[in-house]
Amino acid sequence: MPSETTQLRIYCVCGQKMKVSEDMFGRPGKCVACRQKIRIPKPEEMPPNTTELYLKDHPEFLRKVKHRPIDEQEVAPIPEQEEGKRRRGSTPLDVLEPLRLLANLRAKVERQLEAFSDSKEGGSGKLQETNKAELLGYRARIKNAQADLEEELRQRLMETAIELANVQEKIAGLCLAVRVGESTFAGYVEQVDKLRRKRDHFERRQVNLRGWLTVDDPHSAGGHMEVTFDQIPRGEPRVSLPSESDGQGSLLDWHVEELREALDVRASAERKLGEAERMKTGAAMSERSLEEIRLEAQAERTRARARVQFYRERLEQLAEDYASDMQAIDAQLDHARGRLKAGRITREQFNQAEQSCNRSRADLMKARSVVVRALSANTVEEVPRLRGTFIERLARPSTGARATADVWVAAASACLLFAVLGLPVAGTLSPLKALSTLQSQGGDAHWLVSFPSAVAILAVLSAFIPFRATRGLLFMAVWLIGSLLAVAYLHEASYAIGIVETQLREGGPLLTRAGIIAFTAGMSLLGLAAAMALLPLRETRAVFPLAALVLAAGIGAIVTDFGGYRLPRPNAQASSVPIEGVSPLTYETKVTVENNGGRLLILAPDLSLHNAYDFILESRIGTESWAEVRGPVSVQVSGRPEPQQATGASVVPVTPGSSAEYTYRLKPGTYRVILQAHDPVSSRQFPPFTLAAASETAPQPGLPVAPGGQPASQEPTQQISNELLRQITAQVELRAIIAAQGKPANFSIAVTLPDGRSRTGTYTVGAEVHDGWSVREFNPNEQTVTLSKDKDVLIIRRGTPYVLAPPNGYQ
């Protein structure tokens, strides 16, 4: 029996083939590659003439970690190489953090024990023994944790080897099925591509597990790190292995990019090692520190070389896969010719199948040429760049594949955008309601319906694109352009006079409306879908952050009117000429309002518009009191007359670079121009100008006036003061009404006392104005304010003085 079994070969679960000599039977051993604990069977435990033993089929010969007698030594069977097959060294491609932690802990405790043994001055002997016992306890705990981790890694390695063998069997079955005509080439490609991805994933995992089981120093484990003994693991080890790729892109693209990255890392590691070799010891660096640096660089270079070798082997395997696919194509064409001769398919069907097979063969030949170029590359620059549509065709997107997460997020975005159509946007009106009510009145309400619908439809259409990069770029384009257009439209609505824009300004702040909230959420989800599609891909990873920066900059430029460049900038000038032959003396005064900004200026009392200014001309009636002068004779814009309403409150648009001219007929006195804006900060009050009486010639500095003006410091003419000072009680005058969107109205009211003194203040509804008189209500349609005191009620209009309490006998 022994002579029949001396040629026994054992195959470990990791794939390592080992030869067993005659003196090893019945003894414990371990795999030379993965350190798996095994038990070599006795000759009587095996059938006669047994020459090969696969441990994955005989798990009873796998041993668990346990304490064994000291005199029972393990044996290591002799490893063998399969003919024609190159094997890598046991170097992991990735770093396992639990293993790195244990390796550094073990190195630290060994250093301290070594230093403890070499030290001759360590205090009392009892203290030395206590410290040494503590360090030995740490070392025992670390060894136990390492044993547990190795056992976990061996278990994972066995599972990986079994999974890899199953995948390879399925691939072989698919190749056989497509060659004998049991399946179509399209179905074969879809299934085999998934299996090949799993195969390469398990191959990488198997290499890592083998390498981790052979790591015995901190440098090969991933590098030095600062650790404390409190970090010694407790309990069962938890090993987190990299998950399988998401299946996007082709295997060729994946392996070529990984090879390029591995070559780059290798070059960097070699440069680092060269620098470390040239470094010298000195006062700043000890010989031990320099040696640590060199060992770190060597370990990094070793890992980089292992990665280069791994991906070269994957590319070689891929070339073999492509050759197998081309053989499958030839077999499919032979079967198609046979079915054509037998009359089972028509000539058109055969031509379509032949055309598809020829295109697939051409793609595979191009891919093989790329593989050959990549295998011959030794630097990053020599690795070919993948170009051409055949790369996308090699990805083999399936029309029946499950929708990825970004597609579902885009679908949710489209649902929210369609929901906007039924939610309040323009005041209390939804887009659909606004379309039915405002479109007939001349408004452009169709944009409220068509814009969110168009964005939603584009998002849905983009979701059907099978290529992830293209789909993500379209998501990003729709999100970026749609967001900028929406912000621009809503921002411009605060400057437009249309009926739809007026409705948008009503109903409170925009961001509190249900329709705007739904639209914002929908666009945010669309941006999230773009990020989910683009960020995992290496070639498009930097595109989305750049688009986000462009969006933020664009929104900032829009809401700030490009730093104020797009704001109206009004300026007023006045000129006066006496009217000949008119008594008493009267001046024809022209007040010119220029627009020196980059946006349309609207002169109108509607202060809800952000570019609207209420033009007010006031005359002085006391020391500090002013009254509005109403009713200009005419209004012209760039020489063109503007129609006047009966109240004089017309809407005068002034384009950038043009001006509006108000013509008044004024008595001698002091006047000033005020442009009242929706924002008090933007309001402008220009210096007063004086129209002199007939006997006065010195003009008042301020706005330009015709010769013959008098200084503003002189009292108004006797004619005006006699008319206004006949009253013997307090008077009030409504100067301005400030009603901004979403804010309570404010009223500028001037109070003139009987002694001629006056004061001007800003009041809201409910505030007291003077002597018990308070603001009771505001009528926005009539532009009137109601004052009340006890049972007395007084309704005042802007520009007209009113007596608060009439004197005795005054009606």
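Just so it is clear, the model here is predicted, and its values are computed rather than measured. (Residues numbered from 1 in each chain as written. Predicted model: local features only at pLDDT ≥ 70, side-chain atom pairs only at ≥ 80, totals over all residues. Heavy atoms only, no water.)

Trainee: Sorry, what's going on with the overall build of the protein chain here?
Mentor: What the protein chain contains, in helices and strands, is 17 helices and 26 strands. Looking at the protein chain residue by residue over its 811 residues, the buried ones come to 43%. A separation of at least 24 residues holds for 66% of the contacts in the protein chain among residues at least 6 apart in sequence. Carbon together with sulfur atoms contributes 53% to the accessible area of the protein chain, which is approximately 42400 Å² in total. (Helix = DSSP H or I, 4+ residues; strand = E, 2+ residues; numbered from the N terminus. Buried < 20%, exposed > 50% of the residue type's maximum accessible area, 1.4 Å probe, protein only. Contact = heavy atoms within 4.5 Å. Areas by Shrake-Rupley, 256 points an atom, 1.4 Å probe, with all protein chains shown as cover.)

Trainee: Is there a simple way to think about the sheet that holds strand β24 (residues 784-789) in this case?
Mentor: Pairing between the strands of a sheet is mediated by backbone hydrogen bonds and can be parallel or antiparallel. Read from one edge of the open sheet, four strands run β22-β23-β24-β25, paired in antiparallel fashion. In the strand order of this sheet, the two ends are held by β22 (768-770) and β25 (792-797), each with one partner. Neighbour-to-neighbour, the strand axes of the sheet open up by a mean angle of 40 degrees, direction not taken into account. As paired elements, β24 and β25 share six bridges and run antiparallel to each other. Opposite Lys789, over in β25, you have Asp792 as the bridge partner. (Pairing = 2+ DSSP bridges. Axes fitted to C-alpha atoms, helices over the stretch in contact; angles between N-to-C directions.)

Trainee: Just to check I follow, could you spell out unusual backbone geometry for this structure?
Mentor: The general pattern is negative phi for most residues beyond glycine and trans for most peptide bonds. For Asp561, which is not glycine, the phi dihedral falls at a positive 55 degrees. Secondary-structure assignment places Asp561 in the loop between α16 (543-559) and β7 (570-578). Unlike most non-glycine residues, Phe562 shows phi in positive territory, near 55 degrees. The exposure class assigned to Phe562 is exposed, which follows from its relative accessible area of 53%.

Trainee: Looking at this structure, how should I read the environment of Leu55?
Mentor: With respect to the helices and strands, Leu55 occurs in the loop between β5 (52-54) and β6 (78-80). Through-space distance from the C-alpha of Leu55 to that of Tyr11 is 6.1 Å; in sequence the pair is 44 residues apart. Once residues lying within four places of it in the same chain are set aside, the contact partners of Leu55 are Ile10, Tyr11, Cys12, Val13, Ile38, Phe61 and Leu62.

Trainee: What exactly am I supposed to notice about the sheet that holds strand β26 (residues 801-803) here?
Mentor: An order of β21-β20-β19-β26 is seen for the four strands of this open sheet, with the pairing classed as antiparallel. Edge strands, defined here as strands with exactly one partner in the open sheet, are β21 (758-763) and β26. When strand polarity is set aside, the average angle formed by the axes of neighbouring strands in this sheet is 30 degrees. Pairing between strand β19 (residues 731-738) and β26: three bridges, direction antiparallel. The residue bridging Glu733 from the neighbouring strand is Pro801, located in β26.

Trainee: Honestly, the side chain of Glu501 in this entry has me stumped. Any pointers?
Mentor: Following the sequence through the fold, Glu501 ends up in helix α14 (residues 499-505). Despite being buried, Glu501 has no salt bridge partner; Arg505 is the closest side chain of opposite charge, sitting 6.3 Å away. If we ignore the near neighbours within four places in the chain, the residues touching Glu501 are Tyr489, Ala493 and Ala496. (Lys, Arg positive; Asp, Glu negative; His and termini not counted. Salt bridge = Lys/Arg side-chain N within 4 Å of Asp/Glu carboxyl O.)

Trainee: What is the right way to read the packing of aromatic side chains from this model?
Mentor: One pair of aromatic rings is described through two measures. These are the centre distance and the angle between the planes. For the structure on display, the rule yields ten aromatic pairs. An angle of 80 degrees between the planes, with centres 5.0 Å apart, marks the rings of Phe310 and Tyr311 as edge-to-face. As far as the burial class goes, Phe310 and Tyr311 line up, both buried. Ring pairs connect the aromatic residues Phe615, Tyr662 and Tyr664, which therefore count as one cluster. Directly above the aromatic system of Phe229 lies the positively charged group of Lys108, at a separation of 5.0 Å from the ring centroid. Arg599 extends its terminal NZ or CZ atom over the ring of Tyr495, reaching a point 3.8 Å from the ring centre. (Phe/Tyr/Trp six-rings, centres within 6.5 Å; stacked < 30°, edge-to-face > 60°. Lys NZ or Arg CZ within 6 Å of the ring centre and 35° of its normal.)

Trainee: What's the story with the pairing of strand β23 (residues 773-779) in this structure? I'm lost.
Mentor: Within a regular strand, the side chains alternate between the two sheet faces. Sheet analysis places β22 next to β23, joined by two bridges and oriented antiparallel. Opposite His770, over in β23, you have Trp773 as the bridge partner. Counting the residues in the hairpin turn of β22 and β23 gives two residues, including Asp771, whose phi is positive at 50 degrees. In this structure, β23 lies alongside β24, joined through five bridges in antiparallel fashion. From the neighbouring strand, Val775 faces β24, where its bridge partner is Leu787.

Trainee: When you look at the nonpolar core in this model, what are you seeing that I'm missing?
Mentor: Side chains of nonpolar character tend, in soluble globular proteins, to be buried together. Counting 43 residues, the largest nonpolar core has Ile10, Leu55, Leu105 and Leu153 as the members making the most contacts within it. Secondary structure elements with two or more residues in this core: α2 (97-118), α3 (125-179) and α4 (185-214). Broken down by element, the residue count for this core peaks at eight residues, all from α3. In this structure Ile10 touches Gln16, Lys17, Met18, Val20, Ile40, Pro41, Leu53 and Leu55, once residues within four positions along its chain are discounted. Counting residues in hydrophobic clusters, the runner-up holds 40 residues, among them Tyr188, Val207, Ala319 and Ala374. (Core = buried A, V, L, I, M, F, W, Y, C linked by side-chain atoms within 4.5 Å.)

Trainee: How should the side chain of Arg599 be read in this particular structure?
Mentor: Examined against the element boundaries, Arg599 turns out to sit in the loop between β8 (587-595) and β9 (601-603). Here Arg599 falls in the buried class, since its relative accessible area comes to 5%. One polar contact links Arg599 to Glu492, side chain to side chain, over a distance of 2.7 Å. With residues up to four places along the chain from it excluded, the contact list for Arg599 reads His491, Glu492, Tyr495, Asp561, Arg566, Leu567, Pro568, Asn611, Val654 and Pro656. (Polar contact = N/O pair within 3.5 Å; in protein donor to acceptor, adjacent residues only side chain to side chain.)

Trainee: Whenever I open this one, the pattern of salt bridges confuses me. Can you help?
Mentor: Oppositely charged side chains can pair when the atoms bearing their charge come close. Summed over the entire model, instances satisfying the criterion amount to 27 salt bridges. Across the pair Arg154 and Glu150 runs a salt bridge whose closest N-O atoms are separated by 3.2 Å. Taken together, the residues span about one helical turn, with Arg154 and Glu150 both in helix α3 at a distance of four residues. Classification of Glu150 as partly exposed rests on a relative accessible area of 31%. Put simply, Glu151 and Arg154 hold a salt bridge, and the shortest N to O gap is 3.9 Å. In this pair, Glu151 and Arg154 are both assigned in helix α3, three residues apart and thus about one turn of the helix distant. Arg154 sits in the buried class, given a relative accessible area of 3%.

Trainee: How should I be thinking about a nonpolar patch on the surface in this particular structure?
Mentor: On the surface, Phe418, Ile457, Leu458 and Leu461 cluster together into a nonpolar patch covering about 370 Å² of accessible area. The element contributing the most residues to the nonpolar patch is helix α12 (residues 446-463), with three residues. Relative to the helices and strands, Phe418 resides in helix α10 (residues 405-419). Since its relative accessible area comes to 38%, Phe418 is described here as partly exposed. (Patch = residues over 30% accessible without salt bridge, like charges linked within 9 Å, V, L, I, M, F, W, Y side chains within 5 Å.)

Trainee: Even after reading the chapter, I still don't get the packing of helix α11 (residues 431-438) against α12, so can you show me in this structure?
Mentor: Relative placement of two packed helices is described by the angle separating their axes and the distance separating the axes. Packing of α11 against α12 brings their axes to within 7 Å, and their N-to-C directions diverge by 145 degrees. The way α11 lies across α12 gives a crossing that is left-handed. Two secondary-structure elements touch here, α11 through Pro431, Leu432, Ala434 and Leu435 and α12 through His446, Leu448 and Val449. Taken together, the residues of the contact of α11 with α12 break down into six nonpolar, one polar and no charged. (Left-handed = near helix turned anticlockwise from the far one by under 90°. Nonpolar A, V, L, I, M, F, W, Y, C, P; charged D, E, K, R; others polar.)

Trainee: Any chance you could explain the pairing of strand β16 (residues 669-677) here in plain terms?
Mentor: Most of β16 sits out of view: nine of its nine residues are buried. Across seven bridges, strand β10 (residues 612-620) lies against β16 in antiparallel orientation. The residue bridging Ser619 from the neighbouring strand is Tyr671, located in β16. Judged from the three bridges that link them, β16 and strand β18 (residues 689-691) form a sheet pairing that is antiparallel. Bridging from a neighbouring strand, Gly669 pairs with Leu691 of β18. In the sheet, β16 pairs with strand β17 (residues 684-685) via two bridges, with the strands oriented antiparallel. Across the sheet, Leu675 pairs through a bridge with Arg684, a residue of β17.

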